[in-house]
Amino acid sequence: MGAGPYGLSVAAHLKHRGLSVRTFGRPMDTWSHRMPAGMLLKSDGFASSLCAPVPGWTLGEYAARSGIAYGDRDPRVVLELFTEYGLAFQEHFVPDLDQRQVTGIVRADGGFALTLDDGTDLAARRLVVAAGITHFAHVPEPLRGGGDVVSHSSDHRTFERFAGQSVAVVGGGSSAVEVAASLLDAGADVHLLARRAIEFWPGPTPAHVPLWHRLLWPESGIGHSLMSKLCQDHPDLFRLLPTRIRLAILHRHLGPVSGWWVRDKVMENARVRTGLTDIGVRSADGRAVVTLRGERGSTDEVRVDHVIAATGFRPDVDRLEFLAPDLRADIRRAGRNPILSRNFESSVPGLHFVGVVAGGTFGPLLRFMVGSEFAAPRVASHIAPL
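From a predicted model like this one, the values you see are computed outputs, not experimental measurements.

## Focus on the domain arrangement of the chain
So, point 1. Once the domains are mapped, the chain shows domain 1 (5–136 + 313–383) and domain 2 (141–201 + 259–309).
So, point 2. Using only C-alpha atoms to locate each centre, domain 1 and domain 2 end up separated by 30 Å.
So, point 3. Between domain 1 and domain 2 lies a buried interface of about 1,200 Å² when both sides are counted; carbon and sulfur atoms form 57% of it.
So, point 4. Here domain 1 is connected to domain 2 by two salt bridges.
So, point 5. For the pair domain 1 and domain 2, the interface holds five residue pairs in polar contact (both at pLDDT 80 or more).
So, point 6. Its residues assigned to classes, the side of domain 1 that touches domain 2 shows nine nonpolar, two polar and four charged.

Following this line, the structure appears as structure tokens:
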């Protein structure tokens, strides 16, 4: 269930093992419709591939076949290239993808009964939920008072409608900075409002890096640091950590950091305000009034035409409303995330979760595409052992 990078990777591995598989969802939907057009991926090219069950299907190999410029680290991967690659992967490995949406799941006869958006009912012995991030868009309560003049960053792909308007972007992470850059390109007057200072990844890695630097800051598919390297290489060890420590690492590691390539455009052209302890929004005369409180208690107001909450995504099993309430209630949690076995199976037998919602068990790796290289073979080998 789900046709993003994780769902397609798992489906490809299961089908390769000869299992009867039905895959539901719109292919690469979040990437095609809910991210800024022209965006550069924060992950390096070598860490931006779906996981194929046979050789020849990395992003680099696809780009080479297609005659498209590509680099493992530079040039950065353009969103449209990644989406095109994902769709080609789907057409090759999951050609029978069913684009209907699953609207309801209940337990039935030792398995599950599914209802699709056209009313069709189906039965399944096992389910793999690869819901991605769309279900988890988070708008903080203080921003919800703006009604129609407030939207989430995932509601937008292009920003031409904001040309000549004033727009406040709330958030200090990659999404906020990318949205601010796209708004500037569209001709909007942009306010970028954040609680903390906005941080950026350093520029391209030099060709020759000293040995001591490589030891202290090793390269990985989720970032350049010893912690990132450990999280990528040892997700099974991460699963064995106490829940409190797992959630603390998941929350704190790899926080809101943006790509260096948009730094100058945004920091030199947007009205950037950081160090804000409280940001609230209300609607007045068809516009948004943004109330700002500083660290020393000072208050201010900014009036804009629209507010975009680039406030990220919060994985939460209870946001997966297609799962029946009693089914959700039986899923053991680590925070808001399901506790999973080493095979990604939840406390409900036959119900598996992959992708960002599996981060509470396996760590930050599952928030990145490169995590599919760990999840897809593991799930497939458990469900359909050779």
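## Brief notes about the pairing of strand β3 (residues 121–124)
So, point 1. Alignment of strand β2 (residues 111–116) against β3, held across four bridges, turns out to be antiparallel. Its bridge partner being in β3, Ala113 is matched across the sheet by Ala123.
So, point 2. Linking β2 back to β3 in an antiparallel pair, the connection comprises four residues, with Gly119 at a positive phi of about 90 degrees.

## Some details on helix α5 (residues 174–186)
So, point 1. End to end, α5 covers 18 Å across 13 residues, agreeing with the expected 18 Å (1.5 Å per residue, within 8%).
So, point 2. Among the 13 residues that make up α5, ten are buried, leaving the element largely enclosed by the rest of the structure.
So, point 3. All buried positions along α5 are accounted for by Ser174, Ala176, Val177, Glu178, Val179, Ala180, Ala181, Ser182, Leu183 and Leu184.
So, point 4. Positioned one or two residues after α5, Gly187 has a phi angle of 95 degrees, which is positive.

## As for the packing of helix α1 (residues 5–16) against helix α13 (residues 372–383)
So, point 1. Direction vectors running N to C along α1 and α13 enclose 40 degrees, while the axes themselves pass 9 Å from each other. Put simply, α1 runs oblique to α13. Crossing of α1 against α13: the hand is right-handed. Of α13, the residues touching α1 (which contributes Tyr6, Ser9, Val10, His13 and Leu14) are Ser372, Ala375, Ala376, Pro377, Val379, Ala380 and Ile383.
So, point 2. Taken together, the residues that form the contact of α1 with α13 break down as nine nonpolar, three polar and no charged.

## Focus: the sheet that holds strand β6 (residues 166–170)
So, point 1. Taken in spatial order, the five strands line up as β5-β14-β6-β7-β10 in an open sheet, and their pairing is parallel. At either end of the open sheet lies a strand with only one pairing partner, and these are β5 (150–152) and β10 (271–273). Pairs of neighbouring strands in the sheet enclose a mean axial angle of 20 degrees, with direction left out of account.
So, point 2. Both strand β7 (residues 189–193) and β10 contribute to a ladder of three bridges, which runs parallel. When the bridges of β10 are listed, Leu192 appears paired with Val272.

## Brief notes about α13
So, point 1. With twelve residues, α13 extends 16 Å from end C-alpha to end C-alpha; this agrees with the ideal 16 Å at 1.5 Å per step.
So, point 2. Taken together, the buried positions of α13 are Ser372, Phe374, Ala375, Ala376, Arg378, Val379, Ala380 and Ile383.
So, point 3. Buried positions along α13 lie against α1, β4 (127–129), α8 (235–239), β17 (351–353) and α12 (359–362).

## Looking at the pattern of salt bridges
So, point 1. Within the structure shown, the criterion is met by 23 salt bridges.
So, point 2. For the salt bridge of Glu345 with Arg126, the shortest nitrogen-to-oxygen distance reads 3.4 Å. Here the residue Glu345 occupies a position in the loop between β16 (337–338) and β17, and Arg126 occupies one in the loop between β3 and β4, the gap between them amounting to 219 residues.
So, point 3. In this structure, the salt-bridge partner of Glu301 is Arg282, at a minimum N-O distance of 3.3 Å. In this pair, Glu301 is assigned in strand β13 (residues 299–304) and Arg282 in strand β11 (residues 276–284), connecting sequence segments 19 residues apart.
So, point 4. One connected set of salt bridges, linked through shared partners, spans Arg22, Asp98, Arg100 and Asp118.

Rules used in this analysis
Residues numbered from 1 in each chain as written. Predicted model: local features only at pLDDT ≥ 70, side-chain atom pairs only at ≥ 80, totals over all residues. Heavy atoms only, no water. Domains from an automatic or database assignment. Buried area = accessible area lost by both parts, 1.4 Å probe. Salt bridge = Lys/Arg side-chain N within 4 Å of Asp/Glu carboxyl O. Polar contact = N/O pair within 3.5 Å; in protein donor to acceptor, adjacent residues only side chain to side chain. Nonpolar A, V, L, I, M, F, W, Y, C, P; charged D, E, K, R; others polar. Pairing = 2+ DSSP bridges. Helix = DSSP H or I, 4+ residues; strand = E, 2+ residues; numbered from the N terminus. Expected span 1.5 Å × (residues − 1). Buried < 20%, exposed > 50% of the residue type's maximum accessible area, 1.4 Å probe, protein only. Axes fitted to C-alpha atoms, helices over the stretch in contact; angles between N-to-C directions. Parallel < 35°, antiparallel > 145°, perpendicular 65-115°, else oblique. Left-handed = near helix turned anticlockwise from the far one by under 90°. Contact = heavy atoms within 4.5 Å.

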